[in-house]
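So you can see what is in the structure, the chains are spelled out below.
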Amino acid sequence: IPGWFDDVSQAIHESGCEVVDICLPNFLHASATLIAAEAGKHVIIEKPLAVTLEEADEMIAACKRNNVKLMYAEELCFAPKYERARQLVKEGAVGEIYMLKQSEKHSGPHSDWFYDINLAGGGVIMDMGCHALGWFRWMLGNAEVQSVYATMKTVLHQGRTKGEDNSVIIVEFENGVTAVAENSWAKQGGMDDRCEIHGSGGVIYADLFMGNSALTYSRNGFGYAMEKADTTQGWSFAVFEEVFNQGYPHELKHFIECVRDDKQPLVTGEDGRAVLELIYAAYKSAGTGKKISLPFSATVSKPVDLWLNNQGNN
């Protein structure tokens, strides 16, 4: 490694870089983004955008003020198999969408900071649920959300975290689509990441780690679906390289193109903030046992407090 730093500010200012890729623990996202923006560096940031909505607003404003790009790195918007499924939908393979489902599950993160709610802001929703919420909006063209209902528990890691390690979130959109996010740090047997797209004329199942295609049933079989949906004969379960499958290289390549060609990122800081608002609503719903209407805001030090501080009041 030709150059290294033990100070974030020094690294950003003295490395000679044009783009800062923020892959730090959640509680450091805001401070690193503000340093990068003030230094005139373009920012691509891993999920979640920030711990609080106030931080998110400050980050977005700082990047606009300093005329630098801010991209929210939601890799499910770039994962090749998920994008194949989205293309099928756009070309009418399954008719009108009425329900989306996305789940991401494993037995828990490796790094200790994920389990500290003061550093992460919450549990599995802050780590993995944000992917589903971002993907729902991506699939529906950032449709307006009507309400959020959630339930969550700590079922496996009670001795390690106060945050939730298993959750279900139901999002109702104003266009009539219902979306269900299932996320867990309690699922044994390795990583699981899959989605379902249910439409009036068909259904698509996409598993990021199993098979070489998005399994599709198209009632009418027109357009792209007729050409591609049935090309795989029998069942195929070849597991591809994880990083490629999840879209990480694709999102980074896209952001560099945005910087070079002065284009707007497909997934913006505002999108990251919208996901964080949904996370707030999910924690509030789980704490109160009630459906939460959007827009929703609350002043808290971390989103999980909206669950922890309301338990027993529903």
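Bear in mind that the values here come from a model prediction, so they are computed numbers and not experimental data. (Residues numbered from 1 in each chain as written. Predicted model: local features only at pLDDT ≥ 70, side-chain atom pairs only at ≥ 80, totals over all residues. Heavy atoms only, no water.)

1. Points about the confidence of the model for the protein
Any segment with low pLDDT has predicted coordinates that should not be analysed in fine detail. Predicted confidence across the protein gives a mean pLDDT of 91, with 92% of residues reaching 70 or more. Note that pLDDT drops below 50 for residues 224-239; the model gives that stretch 21 contacts with residues more than four away or on any other chain. (pLDDT = per-residue confidence, 0-100. Contact = heavy atoms within 4.5 Å.)

2. Thoughts on the sheet that holds strand β5 (residues 145-153)
Pairing within the open sheet is mixed, and its 8 strands lie in the order β10-β9-β8-β4-β7-β6-β5-β11. Each edge of the open sheet is held by one strand with a lone partner, namely β10 (215-218) and β11 (292-293). Pairing of strand β6 (residues 166-173) with strand β7 (residues 178-184), which is carried by 7 bridges, proceeds in the antiparallel orientation. Each bridged residue has a counterpart across the sheet, and for E172 the counterpart in β7 is T178. Packing of helix α4 (residues 80-90) onto the sheet brings it into contact with β4 (97-105), β8 (192-199), β9 (202-207) and β10, and relative to β9 it is tilted by some 170 degrees. Packed onto the sheet, helix α6 (residues 124-139) meets β4, β5, β6, β7 and β8 and runs at close to 155 degrees relative to β4. (Pairing = 2+ DSSP bridges. Helix = DSSP H or I, 4+ residues; strand = E, 2+ residues; numbered from the N terminus. Axes fitted to C-alpha atoms, helices over the stretch in contact; angles between N-to-C directions.)

3. Some details on the packing of aromatic side chains
Evaluation of the coordinates by the stated rule reveals 4 aromatic pairs. With a centroid separation of 5.4 Å and an interplanar angle of 50 degrees, the aromatic rings of Y82 and W135 are classed as tilted. In this pair, Y82 sits in helix α4 while W135 sits in helix α6, placing the two residues 53 residues apart along the sequence. Overall, the relative accessible area of 0% leaves Y82 in the buried class. Between Y115 and W185, the aromatic rings sit 5.2 Å apart at their centres with planes inclined by 55 degrees, giving tilted as the arrangement. With Y115 in the loop between β4 and α5 (117-120) and W185 in the loop between β7 and β8, the pair connects residues that are 70 residues apart, well separated along the chain. On the basis of relative accessibility, which here comes to 0%, the residue W185 falls in the buried class. Through a chain of ring-to-ring contacts, three or more aromatic side chains come together here, namely Y82, W135 and F136. (Phe/Tyr/Trp six-rings, centres within 6.5 Å; stacked < 30°, edge-to-face > 60°. Buried < 20%, exposed > 50% of the residue type's maximum accessible area, 1.4 Å probe, protein only.)

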